[in-house]
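Structural overview
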Amino acid sequence: FIACEAKLWISGGGVHTAVPQSDLVASTMPPNERKIYNTHVIIDSDGQIKAYYHKTHLFDVSVPGVNLRESKTTAPGTKLVVCDSPVGKLALT
């Protein structure tokens with residue numbers, strides 16, 4: 001891991017992760033309509049995942065000439081996440 005070699009914490013956002021079948025969102029959808037989470041991951045300097053957050057507020061906009069709907073392919077997360085780090089508490093959003 002880069003985090004281990006550099007002895008740094010990594011904050012990686014925009015990672016697409018599968019919604020587990022056990023999740024209510026996934027279990028109520030046909031297989032061809034299953035969605036992903038837009039996930040923010042915190043990795044510590046030992047290469048361990050310290051926390052992850054599934055984006056709760058999805059980007060949907062419809063204006064003349066533009067129609068973007070993140071919610072069409074992405075499921076919203078359901079909780080806010082805070083994790084401890086060497087510089088203090090980190091709120092993931």
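Below you will find a few notes about this structure. This is a predicted model, so every value here is computed, not measured. (Residues numbered from 1 in each chain as written. Predicted model: local features only at pLDDT ≥ 70, side-chain atom pairs only at ≥ 80, totals over all residues. Heavy atoms only, no water.)

1. Focus on the sheet that holds strand β2 (residues 36-43)
Read from one edge of the open sheet, three strands run β1-β2-β3, paired in antiparallel fashion. Where the open sheet ends on each side, the last strands, each with one partner, are β1 (10-18) and β3 (49-54). When the angles between neighbouring strand axes are averaged without regard to direction, this sheet yields 30°. Relative to β2, β1 runs antiparallel, the two being bridged by seven bridges. (Pairing = 2+ DSSP bridges. Helix = DSSP H or I, 4+ residues; strand = E, 2+ residues; numbered from the N terminus. Axes fitted to C-alpha atoms, helices over the stretch in contact; angles between N-to-C directions.)

2. A word on the pairing of strand β7 (residues 88-92)
When strand β6 (residues 81-85) meets β7, the two strands line up antiparallel, connected through five bridges. The residue of β7 that forms the bridge with Val82 is Ala91. Between β6 and β7, which pair antiparallel one after the other, the connecting turn spans two residues.

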